[in-house]
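# Fold and geometry: a report
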Amino acid sequence: MDCYLVDGGAKLSGTVQINGSKNAALPILAVSLMTAGRCTFRNVPVIRDLQTQVKILNTLGIESQWDGHTVTTKVVDTYNSVAPYELVKTMRAGVCVLGPLLGMRGQATVSLPGGCVIGERPIDLHLKGLAALGAEIAFDQGNIHVTAPRGGLTGATVYLGGKFGSSVLATDNVMCAAVFAKGVTVIECAACEPEVVDLADCLNIMGAKITGAGSPRITIHGVKRLRGVDWSVIPDRIETATFLIAGAITQSPITVAGGRPDHQLAVLDVLRQMGVEVKRHGNKMTVVPGGRPKSAELATLPYPAFPTDVQSPMLALMAIANGTSIVTERIYPDRFMAAAEMKRLGANIAVSNGQAVIQGVERLQGAPVMASDLRCGAALVLAGLAAQGQTRVSRIYHVERGYERFEERLRKLGARIHRVSEESVEPAAGA
Ligand code: EPU
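As the structure is a computational prediction, the values presented were derived from the model and not from experiment.

Definitions and cut-offs
- Residues numbered from 1 in each chain as written.
- Predicted model: local features only at pLDDT ≥ 70, side-chain atom pairs only at ≥ 80, totals over all residues.
- Heavy atoms only, no water.
- Near = heavy atom within 4 Å.
- Polar contact = N/O pair within 3.5 Å; in protein donor to acceptor, adjacent residues only side chain to side chain.
- Areas by Shrake-Rupley, 256 points an atom, 1.4 Å probe, with all protein chains shown as cover.
- Helix = DSSP H or I, 4+ residues; strand = E, 2+ residues; numbered from the N terminus.
- Nonpolar A, V, L, I, M, F, W, Y, C, P; charged D, E, K, R; others polar.
- Buried < 20%, exposed > 50% of the residue type's maximum accessible area, 1.4 Å probe, protein only.
- Lys, Arg positive; Asp, Glu negative; His and termini not counted.
- Salt bridge = Lys/Arg side-chain N within 4 Å of Asp/Glu carboxyl O.
- Contact = heavy atoms within 4.5 Å.
- Pairing = 2+ DSSP bridges.
- Axes fitted to C-alpha atoms, helices over the stretch in contact; angles between N-to-C directions.
- Core = buried A, V, L, I, M, F, W, Y, C linked by side-chain atoms within 4.5 Å.
- Parallel < 35°, antiparallel > 145°, perpendicular 65-115°, else oblique.
- Left-handed = near helix turned anticlockwise from the far one by under 90°.

## Let's talk about the site of the ligand
Around the ligand, 24 residues are found, and the nearest of them are Asp124, Leu125, Ser167, Asp309 and Ile331. Val168 has a polar backbone atom sitting 2.8 Å from an oxygen atom of the ligand. Coverage of the ligand by the protein chains reaches 91% of its 820 Å² of free accessible surface. Listing elements by their share of the shell around the ligand, those giving two or more residues are α1 (22-30), α5 (124-132), α6 (168-179) and α12 (374-386). For the shell around the ligand, the residue count by class is twelve nonpolar, five polar and seven charged.

Below, the structure is given as structure tokens:
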């Protein structure tokens, strides 16, 4: 297995180009199931999760081709509507084939995604929404079977709020299933994330009739069929934020190009609170190096508030800020694995009841640490960039699920980061 070796303290400079959004591309690729036409998806990041999604689609009768960041798909048979456990267990987003399959083929079987390191991730809202359209739901041997009634799904008004607010993939699943339902579906308390809007925009180009995406009420008028599409996925707002924080934590003038500044308002607001200036020019954002950042307070909430996926990277910046920062995690209250690892780097973070209190230290010290999930891994790399000495980040396959050539792109900016085989590294004391 490989790990990253990060030698902290280097100043970065230059421009990094942002890739397509992982969380937009995952459900968008699944719309291939909803048309007999050929689909071309551009700006698809070449990362593990998308490769898994394409494999899932292949098992569902889709022929696909990758060419750089472009994926073309075409349904060649509709015989199998079962998304296999071996693939879904490696990536929970596999569940987003549920709505497209149900809508198009009238049935779907997806293995029930199990627990996840960032916390419990139920799918009750997905199932509640599909049931409201008339789907029958059954569980058997770890699988969920959803079946449309003989006459097909029927539009309905569905309230999709849960105890943590709206759900991105539940909104996606119900919206996709409703595209072919008779009559009108209204999703109340829909997720407003830009990734939901991108999916709705793509479906509309294919012939769907969806309005209101990006607001808490989405209305879908059922249609009979969709055509193929040529669609370019929006830029990844989490990757954009991660690179902005890389600039802030190393106090370096890096420019992040190709992202959407309008999707970054909450992150830019926290950076501003911390005294980090980010200059905007068109779709480019440049971090202006300043002194040591100040502390800040934030709570993660559904879009447009601060994204949970940027919470761990922001923790790294707060770890070296001047003063005490407070982070309240309202989406996944247990998503603080990065904090425990950062303590190994000398960070002073106390976590309890979904809240982290971070007493900023002047300097982190390099140490061996372990990524437990995607965003935790990215955060540890960022912390390593600011630490004195060498940080070894293991289990980087988590990082590679979501960031394309992360270390290579950081290295181009001047970071001293290398990907090496774990076996080639001397075991550190106590590691
Ligand atoms: N929830 C329920 N019931 C459900 C669904 C969700 O209670 O049926 C709860 C969740 O447990 C959570 C909250 O609702 O507390 C929001 O979860 P949501 O359903 O929105 O998450 P998701 O759609 O499964 C997507 C992203 C995640 C991101 C969350 C929140 C994709 C593929 N994944 O997951 O991304 O954290 O939205 O914004 O879009 C990541 O990229 O690292 C990642 C984990």
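## Things to note about the side chain of Arg375
For Arg375, the position within the fold is in helix α12. Buried Arg375, no salt bridge; nearest opposite-charge side chain is Asp309, N-O distance 4.4 Å. There is a polar contact of 3.0 Å between the side chain of Arg375 and the side chain of Tyr403. Apart from the residues lying within four places of it in its own chain, the contact partners of Arg375 are Lys22, Asn23, Ile238, Asp309, Ser312, Pro313, Arg335 and Tyr403.

## Quick notes on unusual backbone geometry
Residues apart from glycine generally show negative phi values, whereas peptide bonds are mostly found in trans. The omega torsion across Tyr303 and Pro304 is 10°, close enough to zero to call that bond cis. Its place among the elements puts Pro304 in the loop between β18 (297-300) and α10 (311-319). Even without a glycine there, the phi angle at Cys189 is positive, about 60°. With respect to the helices and strands, the residue Cys189 is situated in the loop between β11 (184-188) and α7 (194-205). Of the residues examined, Cys189 reaches a relative accessible area of 23% and is grouped as partly exposed. The phi torsion at Arg405 lies on the positive side, around 45°, for a residue other than glycine. Within the secondary structure, Arg405 is located in the loop between α13 (397-402) and α14 (406-412).

## Digging into the sheet that holds strand β13 (residues 217-221)
Hydrogen bonds along the backbone pair up the strands of a sheet, which may run parallel or antiparallel. On the basis of which strands lie adjacent, the open sheet formed by four strands has the order β10-β11-β13-β12 and mixed pairing. The open sheet terminates on both sides in strands that have one partner only, identified here as β10 (157-159) and β12 (209-211). Neighbouring strand axes in the sheet, compared pairwise and without regard to direction, differ in orientation by 15° on average. As defined by bridge partners, β10 adjoins β11 across three bridges and the pair is classed as parallel.

## Overview of the nonpolar core
Among the nonpolar cores identified, the biggest contains 76 residues, and Phe41, Val97, Met175, Val179, Leu203, Ile210 and Leu226 are the most heavily contacted of them. The dominant element in this core, judged by the number of residues it contributes, is α6, at eight residues. With near-sequence residues (within four places) excluded, Val179 lies in contact with Met34, Leu203, Ala208, Ile210, Ile220, His221, Gly222, Val223 and Leu226. If you look at the next biggest cluster of nonpolar residues, it comprises 72 residues, including Ile254, Val287, Ile358 and Leu410.

## Observations regarding the pattern of salt bridges
Opposite charge on two side chains lets them pair, provided their charged atoms get close. Throughout the structure, instances matching the rule amount to 15 salt bridges. Close ionic contact of Arg260 with Asp262 constitutes a salt bridge, the shortest N to O distance being 2.8 Å. On the basis of relative accessibility, which here comes to 33%, the residue Arg260 falls in the partly exposed class.

## Side note on the environment of Cys189
On a C-alpha basis, the gap between Cys189 and Leu160 in space is 5.4 Å, while along the polypeptide they are 29 residues apart. Those residues in contact with Cys189, other than ones at most four positions away along the chain, are Tyr159, Leu160, Gly161, Ser166 and Pro216.

## Some thoughts on the packing of helix α11 (residues 337-344) against α12
α12 packs onto α11 with a crossing angle of 25° between their chain directions and a minimal axis gap of 9 Å. Considering their axes alone, α11 and α12 lie roughly parallel with respect to each other. Handedness of the crossing formed by α11 with α12: right-handed. In this structure, α11 contributes Met337, Ala338, Glu341 and Met342 to the contact, and α12 contributes Cys376, Ala379 and Leu380. By residue class, the composition of the contact of α11 with α12 is six nonpolar, no polar and one charged.

## A short note on the pairing of strand β23 (residues 390-394)
Judged by how many residues are buried, β23 sits mostly within the fold: four of five residues are covered. Bridge count between strand β1 (residues 2-7) and β23: four bridges; the pairing is antiparallel. Residue pairing across strands places Asp7 opposite Gln390, the latter belonging to β23. Direction of pairing for strand β22 (residues 368-370) relative to β23: parallel, over a ladder of three bridges.

## Points about the pairing of strand β9 (residues 143-147)
Burial along β9 is one-sided: the face carrying Ile144 and Val146 is buried and the face carrying Asn143, His145 and Thr147 is not. In the sheet, strand β7 (residues 107-111) pairs with β9 via five bridges, with the strands oriented antiparallel. Considered in β9, the bridge of Ser111 is made with Asn143. Between strand β8 (residues 136-140) and β9, which follow one another and run antiparallel, lie two residues, and Gln141 among them has a positive phi close to 50°.

## Section: the packing of α1 against α7
Contact geometry for α1 and α7: axes closest at 9 Å, N-to-C directions at 35°. The interaxial crossing formed by α1 with α7 has right-handed handedness. Touching Asn23, Ala24, Pro27 and Ile28 of α1 are Glu195, Asp198, Leu199 and Cys202, all from α7. Per-class residue counts for the contact of α1 with α7 are five nonpolar, one polar and two charged.

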